[in-house]
Amino acid sequence: MTGNVQLSSAGGNLHIAPGRDVSDIGSGGDSFISITDLLGLAFEKYNVTHTIQKLHFGPRLPEKMSNVEQQQLDGQVRTVKNVHGMYQYYLQIVPTRYVKLDGTTITTNQMSVTEHMRIVKPGSGRGMPGVFFFYEVSPFHVIFEENRRGWIRFFTSVCAIVGGVYTVLGMIDKTYYMYTRGDTSRNLGL
């Protein structure tokens, strides 16, 4: 299954459940559908084993931001051994803005995922088989900004390195001088 879905910015859920068209069930061409028919339709032996090729909320961030958790579920395979399984994903969506050096802005989202597999049996009242995504949008926003360090910072770093080298060489020179002067004064009998 492939597609794009417009989601509410306040949170919600997306259900992917196997089934048949409701118009296919019914007795003798009537439009009447019994509860037994509906339950039988929901709990037929469907295997909800699935692979998530790509799941993202908004455009992708640049490759150099690959450590940012934006595609945790991409390429994941989930095998459901029980035919009456409900696989649930709880997604926390964090709005993210990435500002490049040239001023271009990418507005996208990061996500964190918690997943849970639930076994549901017909008549248990614990839900229907399928894959369910429950999402919530965080009130916090993350902003990544590219910036370039100026010449003053570079000059300060160079001065710190030169000063450190000068200090260490001074300590080595003093130690060497004290060691050699001490040997000379002993030899002269002073």
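See the structure printed just above.
Right, let's walk through the structure included here.

### Considering the layout of surface pockets
Then comes step 1: Within this model, the largest pocket holds a volume of roughly 1,100 Å³.
Then comes step 2: Along its surface, the largest pocket is lined by 27 residues, and Gly3, Val5, Leu14, Lys54 and Leu55 are the ones closest to its centre.
Then comes step 3: Among the secondary structure elements, those contributing two or more residues to the lining of the largest pocket are β1 (12–16), β2 (50–52), β4 (85–99) and β6 (130–137).
Then comes step 4: Looking at the lining of the largest pocket, the element that brings in the most residues is β6, giving four residues.
Then comes step 5: Along the lines of polarity and charge, the residues of the lining of the largest pocket split into 14 nonpolar, twelve polar and one charged.

### Some remarks on the nonpolar core
Then comes step 1: Of all hydrophobic cores here, the largest spans 14 residues; its most connected members are Leu55, Tyr89, Leu91 and Phe133.
Then comes step 2: If you list the elements that add at least two residues to this core, you get β4 and β6.
Then comes step 3: Looking at this core element by element, the count peaks at four residues for β4.
Then comes step 4: Beyond its immediate stretch of four places on either side in the chain, tyrosine 89 contacts His50, Ile52, Leu73, Arg78, Val113, Thr114, Glu115, Val131, Phe132, Phe133 and Phe134.

About the cut-offs
Residues numbered from 1 in each chain as written. Predicted model: local features only at pLDDT ≥ 70, side-chain atom pairs only at ≥ 80, totals over all residues. Heavy atoms only, no water. 1 Å grid on protein atoms, 1.4 Å probe; cavity = no way out; pocket = protein on both sides within 12 Å on 5 of 7 lines; lining within 4 Å. Points joined across faces, edges and corners; volume = space filled by probe spheres on them. Helix = DSSP H or I, 4+ residues; strand = E, 2+ residues; numbered from the N terminus. Nonpolar A, V, L, I, M, F, W, Y, C, P; charged D, E, K, R; others polar. Core = buried A, V, L, I, M, F, W, Y, C linked by side-chain atoms within 4.5 Å. Buried < 20%, exposed > 50% of the residue type's maximum accessible area, 1.4 Å probe, protein only. Contact = heavy atoms within 4.5 Å.

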